[in-house]
Amino acid sequence: LAQHDCHKPLHTLCHPTSRSCSEMVVYNFKKIAAVPTSKDFVDIVLSKTQRQTPTVVHKQYAIGRIRSFYMRKVKFTQQAYEEKIARILDEFPRLNDIHPFYGDLINVLYDRDHYKLALGQLNMARGLIDRIGKDYLRLLKFGDSLYRCKQLKRAALGRMCTLMKKLKSSLEYLEQVRQHLARLPSIDPNTRTLLVCGFPNVGKSSFMNKVTRADVEVQPYAFTTKSLFVGHTDYKYLRWQVIDTPGILDHSLEERNTIEMQAVTALVHLKAAILYFVDLSEQCGYGIKEQVSLFQNLKPLFEGKPLVVVLNKSDMKTLDQCTAAEKALVKAMEGPGVQFLTCSTLTEEGVMGIKNFACDALLAHRVDSKISRAAKAGKDASSLGAIHVAEPIQRDNVVRAPVIPTSVSSRMEGGESTHTSRKLQKEVMLERGGAGVYSADYRQQYLGLKDEEWRFDTIPEIMDGKNIYDYVDPEIEQMLEALDREEEERLVAEGEEMEDEQDDGMTEVEREQLAQIRKKRHSLKSESKLAKTPNHPIMPRTAGAARRGDLSSRGRSMDEHLEELGFDEDTGARKRARALSASRGRSLERKAEKSVAKEMEHEDNDATEVEGGRPSKRLRSSSKARDASVSRDVAAGAYSSPAQASNALRVAKKKIFSSMKVGGKHTARRGEGDRHIPTLMPKHLYSGKRGNGKTDRR
């Protein structure tokens, strides 16, 4: 019924005076998102937290990183809950903001108190979840280990989920309300409307099917229509909505059920033309007396609206065929503004005439109401036809005259102008260069001075509650100059004393050497400190010696260095230094002597060697190169034949290759440099049913 209103925002209200009111419809409850159950609510939020937050943390991490890891999870979960709850609260209509018709209709269908209580519980849960998140975030800031932080996170998420599980009944109720609201017809309370009412089974739905494009179910028993139905028709190039209401029985308001109260709500709040259907043939199961009694009970709801009494089923019985008593009962319904019309929905006789008459009556009524409002406002009806001007009513006889300042009233009495003649700061600013150039002198605004001459004085400096200028001597300049002269004389005297102290019996050359030694010692200390710090590259020793400028880096020998330091050749220190600097390896002379001796020994051994024997030791000169060498067992003669040696080599290679395969006991393990191919769908998480046990792997 409301295909054309899908572009409208959710439950926006159109004022009757706006031009957009010619378009339907105002409320669209079909856009309210589904409300999940408490269990689904928890699963959605926790799975979202698991997917959109980091999942790996180790105890080796810094404690600050561990805290931020779990604090992020708690904060994300709290925000996810808050966003979903806020969306539910925003999408459901507020009863105080929507049209009274929809407010009372929701009250009839779903109970206003229960509806507000469910939304209030959700709103309170949002505040409690926010408080839980803040409390546990405060506790997580002091977590001292991974285990404690994890337990705090688990407690925070557990409390939030427990709180949502307690809202199970409220969430289920709101979901049922949402489903029912989505099935409600889209009714515009402010557009041109024809409202059909009366007893059950008197022909209301049949009339609606004839005048509109709606297809309401029609059956020969009472209460076939159990809710409001809306159809649309055109008249004088205007769109009209026709509302079919459920049947109303003749009893008190307190005894009426939900189905009947929907019709009563429409009668109360909709400004429409009322079509009250009466079945003179009494085939509906209710007599004319009962139908007239219901009309009298509903008559207060018809005030201020065009009213048409439709005598339906004229093909069965007309008003002329009624008895005198029945005519008297029908005549009792007459009154100001009440029109009687006859029709038959079976033969369609008089149906379109009733529709046209009701539409003309409603248009005339709307025009008269606008003119009457404009007449009350005392203005032209063409400009204020749709505006209601509210005028306050005098509550008492107290005179409340306007309050005028004394200075202004005195000027007015003297005939002076009330406009001030002083120059504004803005004008002064424009005269003196404009913004950014002119700086206002705020000393002009000083108030409460005993002497106005003090206004532009220099502000004194206050220290310890006392004005410094109170303690300034008038001859301060002369005193400062004398103090400077005294300081210069004292510095000159101290310089002479220092020159006297420097006479320590050393020559100029010795002083220079002493200065160089001190400078060298200072540089060595600095280099030592720099070498101990890790923030420098590792350099070879030659580079360090070149930087320091000592020993062989500058082409000097140890002897020259020791002579520069003042050590003679025959001193013990010099001999000890030479001994320490001597090479510990084999000298060339000793190598030559040993090689000659070994060769001679080798010749002797060759001369005395028996057949099949081996020398006891191999000479270094007779050893083979690395690429021409053989294994130790071959060299030691462990194999009796070359075939046995090759077989042993083949078995050794096979064993080595088998140990290098992936899955070996201690080799070919995956390292941190290897490519990691994760298992995206682990079988234990995606196969089978979850039991009733723990769900800790969340």
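Asker: For the overall build of the protein, give the residues involved together with the corresponding values.
Answerer: Secondary structure assignment for the protein yields 23 helices and 8 strands. In the protein, which comprises 698 residues, the share counted as buried stands at 28%. A separation of at least 24 residues holds for 64% of the contacts in the protein among residues at least 6 apart in sequence. For the protein, the exposed area adds up to about 49,600 Å²; of that, 53% sits on carbon and sulfur atoms.

Asker: Please give an account of a nonpolar patch on the surface that cites residues and values.
Answerer: On the surface, a nonpolar cluster with roughly 630 Å² of combined accessible area is contributed by M463, I468, Y469, V472, I476, L480 and L483. Mapped onto the elements of the fold, L480 is located in helix α15 (residues 476–501). A residue is classified by how much of its surface remains accessible, and L480, at 42% relative accessible area, is partly exposed.

Asker: Tell me what's going on with the packing of aromatic side chains, and back it up with residues and numbers.
Answerer: Taken as a whole and judged by the stated rule, the model has 11 aromatic pairs. Measuring from centroid to centroid gives 5.4 Å for F29 and Y102, while their planes differ by 75°, and the two rings are edge-to-face. Here F29, found in the segment before α1 (38–52), pairs with Y102, found in helix α3 (residues 100–110); they are 73 residues apart in sequence, far enough to count as distant. Under the relative-accessibility criterion, F29 is labelled buried at 5%. Overall, Y102 belongs to the buried group, its relative accessible area being 1%. Summarising the aromatic geometry, the rings of F69 and Y70 are spaced 4.9 Å apart at their centres and angled 90° between planes, so their arrangement reads as edge-to-face. What links up through ring pairs into an aromatic cluster is the set F29, F101 and Y102. Between R65 and the ring centre of Y61, over which it is positioned, the NZ or CZ distance is 3.6 Å.

Asker: Summarise the nonpolar core; cite the residues concerned and give the values.
Answerer: If you look at soluble globular proteins, the nonpolar side chains tend to sit buried side by side. One finds Y81, F92, M164, L275, Y276 and F302 to be the most contacted residues of the largest nonpolar core, which totals 105 residues. Among the elements that line this core, the one with the most residues is helix α4 (residues 112–140), at 10 residues.

Asker: Pulling in residues and values, what's your account of the side chain of E91?
Answerer: Structurally, E91 can be placed in helix α2 (residues 63–91). Side-chain polar atoms of E91 contact the backbone nitrogen of A33, separated by 2.8 Å.

Asker: Describe the pattern of salt bridges, listing the residues and the values that go with them.
Answerer: Inspection of every chain in the model, using the stated rule, returns 21 salt bridges. Across the pair D90 and R94 runs a salt bridge whose closest N-O atoms are separated by 3.7 Å. Between R443 and D441 there is a salt bridge; the shortest N-O distance is 3.2 Å. The class of R443 is partly exposed, set by a relative accessible area of 29%. Salt bridges sharing partners connect three or more residues here, namely E487, R490 and E494.

Asker: Describe the sheet that holds strand β2 (residues 229–235), with residues and values.
Answerer: Pairing within the open sheet is mixed, and its 6 strands lie in the order β2-β3-β1-β4-β5-β6. Unpaired on one side and paired on the other, β2 and β6 (338–342) mark the two borders of the sheet. Strand-to-strand twist of the sheet, defined as the mean angle between neighbouring strand axes without regard to direction, takes the value 25°. Bridge count between strand β4 (residues 273–279) and strand β5 (residues 307–312): 6 bridges; the pairing is parallel. Counted as the bridge partner of L275 is V308 from β5. Those strands touched by helix α9 (residues 288–298) are β1 (193–198), β4 and β5, and its axis lies near 160° from that of β4.

Asker: Please set out helix α5 (residues 146–165) residue by residue, giving values where relevant.
Answerer: Spanning 20 residues, α5 covers 28 Å between terminal C-alpha atoms, matching the ideal 28 Å at 1.5 Å per step. Residues of α5 that are buried sit in contact with α1, α2, α4 and α6 (168–183).

Criteria and cut-off values
- Residues numbered from 1 in each chain as written.
- Predicted model: local features only at pLDDT ≥ 70, side-chain atom pairs only at ≥ 80, totals over all residues.
- Heavy atoms only, no water.
- Helix = DSSP H or I, 4+ residues; strand = E, 2+ residues; numbered from the N terminus.
- Buried < 20%, exposed > 50% of the residue type's maximum accessible area, 1.4 Å probe, protein only.
- Contact = heavy atoms within 4.5 Å.
- Areas by Shrake-Rupley, 256 points an atom, 1.4 Å probe, with all protein chains shown as cover.
- Patch = residues over 30% accessible without salt bridge, like charges linked within 9 Å, V, L, I, M, F, W, Y side chains within 5 Å.
- Salt bridge = Lys/Arg side-chain N within 4 Å of Asp/Glu carboxyl O.
- Phe/Tyr/Trp six-rings, centres within 6.5 Å; stacked < 30°, edge-to-face > 60°.
- Lys NZ or Arg CZ within 6 Å of the ring centre and 35° of its normal.
- Core = buried A, V, L, I, M, F, W, Y, C linked by side-chain atoms within 4.5 Å.
- Polar contact = N/O pair within 3.5 Å; in protein donor to acceptor, adjacent residues only side chain to side chain.
- Pairing = 2+ DSSP bridges.
- Axes fitted to C-alpha atoms, helices over the stretch in contact; angles between N-to-C directions.
- Expected span 1.5 Å × (residues − 1).

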